[in-house]
Amino acid sequence: MNETAQKIPTDANGLAKMLDQGDRRALARAITLVESLRPDHRETAQELLNLVLPKTGNSVRIGISGTPGVGKSTFIEAFGKLLTGAGHKVAVLTVDPSSQRSGGSILGDKTRMEELVRDPNAFIRPSPSGGSLGGVARRTREGMLLAEAAGFDVILVETVGVGQSETTVAEMVDVFLLLLAPAGGDELQGIKRGVMELADLIVINKADGDLKAAATRAAAEYKGAIGLMRPKSKHWQAEVLQISAITKSGIDNLWEAIGRYRTAREIDDELTEQRREQAVSWMWSELGDSLMTRFKSHEKVAEVLPRIEADVKAARIAPASAAEQLLAIFLGK
């Protein structure tokens, strides 16, 4: 890391140069910039992203989700330390749409990863209070590009929320890990099939001590469940691994499995095509978000919106008709 006492610039060109030097303070400033909703900040952020785009795309993008109490923070720290010890630079980003209500768990995660926080080859960034999953996901995608531009070659994207956040994270990473506790039977039934289908690797944590036998049974049950699902890729069938984040056993095997996954997905350029499709999906998501923002801030729309909403609530007008009226106003018809 080349982090000097020099002042961090606020312009796109200056930030791009410092990101190229791997300066973590510049990375933090750049992510703060892309998080801002101010029009001038958004303009500078887009200029910055266009400047650094040629330096992006060279990392391993890993999504991580897990059930409550599974030990994600301990796992991420153990995994991150293994990677930095092997010479990698690791950035940890989070997607947590609930943080606006709780302030939450992700901020606690950062304080629990004491060793990783102090590691000069690691960078941890909790997501801000977003108010919507789409907004948080947008900033996480942009943060991922900025981290890559700063030389981080492994990006860990953690989902803290539930439901749609898993799908959102899976659509921005190369490989999606589902971290689970040693349990089976009813616990297996409680895992949403959709989340299981997203997983490229299922990782049973806490496979140590008295829980080792339970972890082995759970692994067998999850392997059986995976066998009944249609694989996401013709070259890869999801694997089930056992690890212990506390004792750090099995963590190296997980990194090797990710390597096997990437090798398999590079057949027929599957991984490259996946990233291309993700980029196009991101474009459409940005378009939808931008249009909705402009729609809601449109002066004439804002003027009639309360009345039309009241009419819809009172069943005086059908929702589809109301939407057509608002769209016509927005388009100036």
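Higher on the page you've got the structure.
On a predicted model such as this, the values are computed, not experimentally measured, just so you know. (Residues numbered from 1 in each chain as written. Predicted model: local features only at pLDDT ≥ 70, side-chain atom pairs only at ≥ 80, totals over all residues. Heavy atoms only, no water.)

**Student:** Quick one: what's the story with the overall build of the chain, residue by residue and with numbers?
**Tutor:** Of regular secondary structure, the chain possesses 16 helices and seven strands. By residue count, 47% of the 333 residues in the chain fall in the buried class. Look at the contacts in the chain between residues 6 or more apart in sequence, and 73% of them connect residues 24 or more apart. (Helix = DSSP H or I, 4+ residues; strand = E, 2+ residues; numbered from the N terminus. Buried < 20%, exposed > 50% of the residue type's maximum accessible area, 1.4 Å probe, protein only. Contact = heavy atoms within 4.5 Å.)

**Student:** Tell me about the packing of aromatic side chains, residues and numbers included.
**Tutor:** Counted by the stated rule, this structure contains five aromatic pairs. A network of ring pairs unites the aromatic residues F75, F79 and W255 as a single cluster. Note that K89 overlies the ring of F152, its terminal NZ or CZ placed 4.9 Å from the centroid. (Phe/Tyr/Trp six-rings, centres within 6.5 Å; stacked < 30°, edge-to-face > 60°. Lys NZ or Arg CZ within 6 Å of the ring centre and 35° of its normal.)

**Student:** Explain a nonpolar patch on the surface residue by residue, including any values.
**Tutor:** Taken together, the side chains of V280, M283, W284, L287 and L291 define a hydrophobic patch exposed on the protein surface, amounting to about 510 Å² of accessible area. Inspection of the secondary structure puts L291 in helix α14 (residues 270-297). (Patch = residues over 30% accessible without salt bridge, like charges linked within 9 Å, V, L, I, M, F, W, Y side chains within 5 Å. Areas by Shrake-Rupley, 256 points an atom, 1.4 Å probe, with all protein chains shown as cover. Salt bridge = Lys/Arg side-chain N within 4 Å of Asp/Glu carboxyl O.)

**Student:** Account for the side chain of T84, with residues named and values stated.
**Tutor:** Tracing the backbone shows T84 in helix α4 (residues 72-85). Look past the residues within four positions of T84 in its chain and what remains in contact with it is V90, D119, N121 and A122.

**Student:** For the pairing of strand β5 (residues 175-180), give the residues involved together with the corresponding values.
**Tutor:** Buried residues dominate β5, accounting for six of its six residues. Alternating residues of β5 divide into V175, L177 and L179 and F176, L178 and L180, and every residue in both groups is buried. In this structure, β5 lies alongside strand β6 (residues 201-204), joined through four bridges in parallel fashion. Its bridge partner lying in β6, L177 is registered against L201. (Pairing = 2+ DSSP bridges.)

**Student:** Any details on helix α15 (residues 299-313)? Residues and values, ideally.
**Tutor:** Across its 15 residues, α15 extends 22 Å between first and last C-alpha, which sits within 8% of the 21 Å expected from 1.5 Å per residue. A maximum bend of about 40 degrees is found in α15 at L305, where proline P306 lies one to four positions downstream. Taken residue by residue, α15 has V301, V304, I308 and D311 as its buried positions. Those residues of α15 that are buried are in contact with α14 and α16 (319-331). At the C-terminal side of α15, A315 shows a positive phi close to 60 degrees. (Expected span 1.5 Å × (residues − 1). Bend = angle between axes of the 7 residues up to and from the residue.)

**Student:** Quick one: what's the story with the sheet that holds β6, residue by residue and with numbers?
**Tutor:** Here seven strands make up an open sheet; going across it, the order is β3-β2-β4-β1-β5-β6-β7 and the pairing parallel. The two strands at the open ends of the sheet, each matched to only one other strand, are β3 (122-125) and β7 (239-242). For this sheet, the mean inter-axis angle between neighbouring strands, taken without regard to orientation, is 20 degrees. The pairing of strand β2 (residues 90-95) with β3 spans four bridges and is parallel. (Axes fitted to C-alpha atoms, helices over the stretch in contact; angles between N-to-C directions.)

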